[in-house]
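Structural overview for review
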Amino acid sequence: MKAMIRMRMSMHDAHYGGNLVDGAKMLQLFGDVATELLIRNDGDEGLFAGYESVEFTAPVYAGDYIEAVGEITKMGNSSRKMTFEARKVIVPRPDINDSACDVLEEPIVVCRAMGTCVVPKDKQRNK
């Protein structure tokens, strides 16, 4: 089972000089993807137990469009192992004008992660 969300990083998301977005924003997106996966799989939002790995591979800036995807890769009795990837798919082009943007021919992977979520047995509604 897979899920995907796409959103534009705003100036509000920029946390550092040069309009750089905090890497924690990618983890927030992964949390939203995980929630959707758990609802679709179990009928409950569940809880994020932790990340086994997180790798930031490219910078994200205000104005970038990010696509976050996730997939359940292993299911235990109540645990759900997941993999995540965030990709930059559209970038602003202020060198052309204030509203110009380019759709990237090849998305740029900006973050990868693996994590585990838990849905207590008594909250699992989809058998």
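The rules behind each value
Residues numbered from 1 in each chain as written. Predicted model: local features only at pLDDT ≥ 70, side-chain atom pairs only at ≥ 80, totals over all residues. Heavy atoms only, no water. Pairing = 2+ DSSP bridges. Helix = DSSP H or I, 4+ residues; strand = E, 2+ residues; numbered from the N terminus. Axes fitted to C-alpha atoms, helices over the stretch in contact; angles between N-to-C directions. Expected span 1.5 Å × (residues − 1). Buried < 20%, exposed > 50% of the residue type's maximum accessible area, 1.4 Å probe, protein only. Contact = heavy atoms within 4.5 Å. UniProt positions renumbered as here; feature names shortened; annotations may be inferred. Polar contact = N/O pair within 3.5 Å; in protein donor to acceptor, adjacent residues only side chain to side chain.

Looking at the pairing of strand 7 (residues 101–118)
- Pairing geometry for strand 4 (residues 47–56) and strand 7, over 8 bridges, is antiparallel. Note that in strand 7 the partner of F48 across the bridge is C117.
- Sheet topology places strand 6 (residues 79–92) next to strand 7; 13 bridges connect them, and they run antiparallel. What sits directly across from R80, in strand 7, is C117.

Focus: the sheet that holds strand 4
- Spatially, 5 strands are ordered 1-5-6-7-4 in an open sheet, and the strand pairing comes out antiparallel. The strands lining the two open edges of the sheet, one partner per strand, are strand 1 (2–8) and strand 4. Within the sheet, the average angular offset between the axes of one strand and its neighbour, ignoring direction, is 25°.
- Bridging between strand 1 and strand 5 (residues 65–75) involves 7 bridges; their strand directions are antiparallel. Note on strand 5: the bridge partner recorded for I5 is A68.

Here's the deal with helix 1 (residues 24–42)
- In this model helix 1 runs 26 Å from its N-terminal to its C-terminal C-alpha over 19 residues, within 8% of the 27 Å that 1.5 Å per residue would give.
- Within helix 1, burial applies to K25, M26, L29, F30, V33, A34, L37, L38, N41 and D42.
- Those residues of helix 1 that are buried lie in contact with strand 1, strand 3 (20–21), strand 4, strand 5, strand 6 and strand 7.
- Positive backbone phi, at 75°, marks G43, one or two positions downstream of helix 1.

Considering the UniProt feature "domain: Thioesterase" (unreviewed entry) in the protein
- The feature "domain: Thioesterase" (unreviewed entry), as annotated in UniProt, sits at residues 23–87 in this numbering.
- For the annotated span residues 23–87, helix accounts for 29% and strand for 46% of the residues, and the straight-line distance between the end C-alpha atoms is 13 Å.

Structural notes on the side chain of N41
- Of note, N41 is situated in helix 1.
- For N41, a relative accessible area of 15% puts it in the buried group.
- In this structure the side chain of N41 is engaged in a polar contact, spanning 3.0 Å, whose partner is the side chain of D42.
- Residue contacts for N41: discarding those within four places in its chain leaves M1, I72, M75, R80 and N126.

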